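One-letter residues, chain by chain:
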Amino acid sequence: MRRLVCLLVFWGTIVIAQTPKRPEIDVDDFIQNLFNLQDEEADYESFYEAMLQMYTDPLDLNRATREDLQNLFILTEYQINSFLKYRAKNGKLLTIYELQAIEGFDRATFQKLLPFVEVRDAGMAADASSIFRRMLQNDNNRFLMLRYARTLQTKRGYRPEIKNGYLGDPDQLYARFLSRNTQDFSYGFTLEKDAGERFFWSPPRRYMGIDFFSYHLTLYNRGRWKTISLGDYQLQIGQGLLLTGGFQVGKGAEPTATLRRNTLGILPYTSLLETRFFRGAAATYELSSNVEVTSFYSDKYIDAGIRENRTTFSAAEELDSLAILTEEGIQNIDEVSEFSATLRQFGMHRTASELAAYKTLREQVVGTNIHYKSPNKRFMAGLTALNTLFSIPIQREPTDYNQFEFQGKNNFVIGADYAWSIQNTSFFGEIGRSQSGGIGIIQGLASSLAKTVEFAAFYRNYQKNFHTLYGRAIGENSRNINEEGFYMGLKYSPSRQWQFALYYDQFRFPWLKFRVDAPTAGDEWLFRATYRPSRTITLYFQARQEDKPRNLADNITRIDYPTPTTRRNYMVNADYRASEKIHLRSRVQWSDFSQIDLDTRRTKTTYGYAIMQDITWDITSNFELAARFANFDTDDFDNRQFAYEKDVLYAFAIPAYYGRGWRNYYVIRWKITRKIDFWCKYAYFLYQRTPNDNNTIGSGLEQINGNQKTDIRAQLRFKF
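Engineer: Tell me what's going on with the overall build of the protein, and back it up with residues and numbers.
Structural biologist: A tally of helices and strands in the protein yields nine helices and 37 strands. Relative to its full complement of 720 residues, the protein shows a buried share of 53%. Contacts spanning at least 24 positions in sequence make up 63% of the contacts within the protein whose residues lie at least 6 apart.

Structure below.
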């Protein structure tokens with residue numbers, strides 16, 4: 001009977017059990033929906049990697065749990081409940097098109113889901129060969145990728161007359177090998193040399209030719225062992241207060257679905273980011289059908305500035321001492337108590353001073369999580385404990401604002417999390433305590449008040465002495481410290497054509513911050529209206545305002561003091577699919593920034609805008625061209641404009657539009673054969689007024705003389 005219903009609903013367009021071609025991800029659309037404002041502070045790289053992993057490992061809807069569906073950040077609580085009820089009543093889906101027959105699922109939701117989900121043939125027998133044979137014979141998702149990138153203009157750091165410049169050439173090189181089979185195994189490696197870094201071999205410095213080498217081997221579902229991982233990995237536990245991996249999304253134009261996070265456990269690490277990952281071993285073991293235990297150990301060397309603990313210490317002495325330490329290669333550095341370290345998170349090793357900090361500090365992390373799921377999967381709870389040990393005490397430069405930051409050799413944190421779904425409402429929360437005595441608290445809810453109305457609320461309190469080195473829960477700051485806030489979000493969809501999204505967030509900072517020399521408070525709101533008059537046209541308008549105090553600009557008094565600032569951002573976007581082969585996107589975004597003027601004591605407002613036209617053209621089935629033509633004009637740094645742009649696969653670009661001029665780029669993808677793909681990107685800034693107003697671009701060793709900056713990137717992918 002159900003087959004007949006499906007045939008009647010999709011007659012003439014769908015054959016039962018036929019699987020549609022999964023479209024490529026519209027990354028720009030996801031970023032515009034999940035992030036409130038694009039800027040350089042957001043961790044887009046991790047987000048992009050997690051999204052691509054979801055794309056390459058699509059979720060089997062016939063095995064998907066409530067947590068799996070929530071982790072897509074697409075479905076509402078009402079839609080999730082409707083799906084689970086439909087599957088419980090009718091059994092496994094026969095085709096992905098059945099989604100459109102489920103109450104609450106419209107075509108827009110179906111299109112968003114399509115890149116990340118699939119319905120696997122239940123009748124297909126599982127491969128009974130050994131795991132090693134499957135790993136060797138896997139040809140579904142195995143590839144080698146090679147990439148080259150370079151800025152064509154010569155930067156100041158590469159000029160021979162410049163002392164203490166870059167040690168290497170301006171070429172950026174990247175290689176990745178990956179073999180993955182959904183819920184079976186994943187293994188691979190990633191190599192990268194950043195521009196300015198050099199090739200050399202120095203085992204005492206732990207430098208093996210290139211500065212970054214990442215690798216992993218992960219096995220899934222080996223009896224009661226749900227996951228076993230060796231090499232590099234991440235952990236996503238609870239709401240991310242203590243351990244965050246994968247998606248890291250917070251406030252955005254999707255105001256309800258992105259707040260809650262779930263325990264994903266162990267995730268292979270494949271990103272190019274050289275920090276915030278573990279290296280060692282981790283495993284998840286199923287004690288019973290309701291209880292799982294995850295244990296992990298990490299032992300790796302990280303970048304840090306090492307210096308001798310003396311009352312006076314000049315910059316030159318510090319560099320000389322650090323260079324000697326690193327050159328000799330301290331093997332028992334944990335026994336050298338007269339030294340201290342400052343963490344460095346840049347991941348660049350282009351100059352002598354940057355290279356001197358390369359992997360000088362040993363970091364060991366050990367931890368355990370116990371995760372419980374109720375028989376009906378509606379209630380989940382977990383306990384987490386982890387300890388981080390450094391070989392040398394961390395000691396920061398003493399300032400007023402950082403006196404409560406983590407210092408010392410050891411940081412032990414413990415926490416508990418929960419998630420509880422009642423009908424169409426989901427409650428979630430997490431609490432943690434660090435060794436310093438600081439407390440972090442998260443409490444939230446997301447609810448479908450009606451079929452057309454979604455509501456979410458979120459409270460957070462991260463005390464000024466709360467230290468979580470691998471957590472990144474939702475907050476105004478980039479780290480979970482010195483912040484308290486309350487958030488409310490609302491989404492209203494009165495029809496298939498219209499959708500309205502709104503959030504308001506109020507926050508305060510109990511202690512000083514960087515560039516804010518007093519306890520302060522602020523708020524932020526965002527509104528978006530989306531209109532879809534047809535399947536081929538999508539229009540939206542977005543407005544955002546943030547009020548947050550900041551130290552007075554260009555202050556000349558003895559004491560800095562914060563003054564109110566207001567930042568407003570606006571955006572109008574139009575998407576038009578002119579045909580199956582041509583996709584057009586037009587966008588206008590503008591902003592203003594206001595702060596008191598030092599001379600007049602009156603509010604000074606500056607402005608900025610960017611106008612963009614994108615085109616994607618599938619010239620043939622094997623050849624695609626994407627391009628952008630943009631014009632921009634900004635008064636100052638505070639009004640710089642950001643916009644995601646297409647790039648080669650697994651690369652990510654959100655440049656800042658600052659000054660006055662044009663930004664153009666062209667990306668081609670050529671499918672040379674069934675096994676070989678080629679990408680190439682050519683992008684440039686052409687300035688009428690450079691950001692520095694002196695006919696130069698950038699600053700320091702990155703400075704380029706002239707008014708043009710051109711970047712090229714080429715990439716090959718071999719499937720085998």
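Now, onward.
Engineer: Quick rundown of the pairing of strand β5 (residues 185–193)? Include the residues and the values.
Structural biologist: With respect to burial, β5 is a largely interior element, seven of its nine residues being buried. Of the strand pairs in this sheet, β5 and strand β8 (residues 212–222) are connected by eight bridges, and their pairing is antiparallel. In the sheet register, G188 faces β8, and the bridge partner there is H216.

Engineer: An account of the environment of Q435 is needed here, citing residue identities and associated values.
Structural biologist: Here Q435 shows up in the loop between β18 (425–434) and β19 (439–450). For Q435, a relative accessible area of 42% corresponds to the partly exposed category. Counting along the chain gives 22 residues from Q435 to V413, while the straight-line C-alpha distance between them is 6.0 Å. Each residue touching Q435, except ones within four places of it in the same chain, is listed here: N387, N410, N411 and F412. In this structure the side chain of Q435 is engaged in a polar contact, spanning 2.6 Å, whose partner is the side chain of N410.

Engineer: Describe a nonpolar patch on the surface, with residues and values.
Structural biologist: The grouping of L490, L502, W525, F527, F541, V572, V588, W590, Y609 and I611 at the surface amounts to a nonpolar patch, some 760 Å² of accessible area in total. Along the chain, W525 turns up in strand β23 (residues 520–534). Residue class for W525 comes out partly exposed when judged on its relative accessible area of 31%.

Engineer: Tell me about the pattern of salt bridges, and name the residues and values.
Structural biologist: Scanning the model with the defined rule gives 34 salt bridges in all. When the shortest N-O distance is used, the salt bridge between K155 and E702 registers 2.8 Å. Linking K155 in the loop between β3 (142–151) and β4 (172–181) with E702 in the loop between β35 (696–697) and β36 (704–705), this pair joins segments that are 547 residues apart in sequence. You can call E702 partly exposed: its relative accessible area is 31%. Of the charged contacts, one joins R568 and D592 as a salt bridge, the two residues approaching to 3.0 Å between their closest N and O atoms. Of this pair, R568 sits in strand β27 (residues 565–577) while D592 sits in strand β28 (residues 582–596), and the two are 24 residues apart along the sequence. What makes R568 partly exposed here is its relative accessible area of 26%.

Definitions and limits used
- Residues numbered from 1 in each chain as written.
- Predicted model: local features only at pLDDT ≥ 70, side-chain atom pairs only at ≥ 80, totals over all residues.
- Heavy atoms only, no water.
- Helix = DSSP H or I, 4+ residues; strand = E, 2+ residues; numbered from the N terminus.
- Buried < 20%, exposed > 50% of the residue type's maximum accessible area, 1.4 Å probe, protein only.
- Contact = heavy atoms within 4.5 Å.
- Pairing = 2+ DSSP bridges.
- Polar contact = N/O pair within 3.5 Å; in protein donor to acceptor, adjacent residues only side chain to side chain.
- Patch = residues over 30% accessible without salt bridge, like charges linked within 9 Å, V, L, I, M, F, W, Y side chains within 5 Å.
- Areas by Shrake-Rupley, 256 points an atom, 1.4 Å probe, with all protein chains shown as cover.
- Salt bridge = Lys/Arg side-chain N within 4 Å of Asp/Glu carboxyl O.

Function cannot be read off these values alone, since they describe shape.
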